[in-house]
Amino acid sequence: MTDILLPRPPRDSGWESDDLDMYDLPDHVELIYGALQLMMSPQRTWHDEIMYRLRIILDRAAPSDLRVRQEMTVRINRKNRPEPDLLILVDQPEYNRSTKWFRPEDVKLVVEVESPESEERDRFLKPAIYAIGRIPNYLRISETDEGVPALHLYRLEGNEYQLVSEEYGRICLDEPFKVDAKLKGHW
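Structural notes, computed from the coordinates. (Residues numbered from 1 in each chain as written. Predicted model: local features only at pLDDT ≥ 70, side-chain atom pairs only at ≥ 80, totals over all residues. Heavy atoms only, no water.)

**Concerning unusual backbone geometry**
Here the amide bond leading from Glu-175 into Pro-176 is cis, since omega sits at 0 degrees, within 30 degrees of zero. Its identity as a non-glycine residue notwithstanding, Glu-71 has a phi of 50 degrees, on the positive side. Turning to its location among the elements, Glu-71 is positioned in the loop between strand E3 (66-70) and strand E4 (73-74). Owing to a relative accessible area of 24%, Glu-71 belongs among the partly exposed residues under this scheme. For Arg-134, which is not glycine, the phi torsion reads 65 degrees and is therefore positive. Mapped onto the elements of the fold, Arg-134 is located in the loop between helix H3 (119-132) and strand E8 (137-143). Residue class for Arg-134 comes out partly exposed when judged on its relative accessible area of 45%. (Helix = DSSP H or I, 4+ residues; strand = E, 2+ residues; numbered from the N terminus. Buried < 20%, exposed > 50% of the residue type's maximum accessible area, 1.4 Å probe, protein only.)

**Focus: the layout of surface pockets**
In this structure, the second largest pocket occupies an estimated 290 Å³ of space. Classifying every residue of the lining of the second largest pocket by side-chain character gives six nonpolar, three polar and six charged. (1 Å grid on protein atoms, 1.4 Å probe; cavity = no way out; pocket = protein on both sides within 12 Å on 5 of 7 lines; lining within 4 Å. Points joined across faces, edges and corners; volume = space filled by probe spheres on them. Nonpolar A, V, L, I, M, F, W, Y, C, P; charged D, E, K, R; others polar.)

**Brief notes about the pairing of strand E9 (residues 149-157)**
A large share of E9 lies buried, amounting to seven of its nine residues. Taken together, E8 and the strand that follows it, E9, pair antiparallel across an intervening segment of five residues, in which Gly-147 is found at a positive phi of about 90 degrees. Hairpin remark: E9 followed by strand E10 (residues 160-168), antiparallel, with two residues in the connecting loop; positive phi at Gly-158, about 70 degrees. (Pairing = 2+ DSSP bridges.)

Limitation: the analysis is restricted to geometry and does not speak to function.
Okay, structure coming up:
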């Protein structure tokens, strides 16, 4: 196993959002409450298949003013810059090939596909952070015992997310655009 040596936080209060762009950090590092989170767990094919299929479905359904992005950070505030698995955002002229993060006010939906390692973070920490950023929709995808994807859709009401729907093996959205499609697979 290879050890990863990270620089010390640049200040006693920990890391801040802009620090992620100033240091040579590994890929897929996110900032959660001032602490770096490295995506170090092995990727499972189930996780990869869900992301791939969902990305295709969302890309095909998205209107021309919205974009689907994968594994890009959202700068919520100076202490939080999470990296959702997928996100849908308003296409802005300033977002180009050199963009490293997005503003939360442009994000319409974030998607987290749970893995055994990320379950606690995806169920508790990240929804609270996305709510701080006022992101209107949160989709969490978990795996049933049979391997079927369970899609839990939440909508921001007040300062927290409320469960709107649960679907098994299919994606159903009304916002930010309409989608009703089966996530095909050998579940």
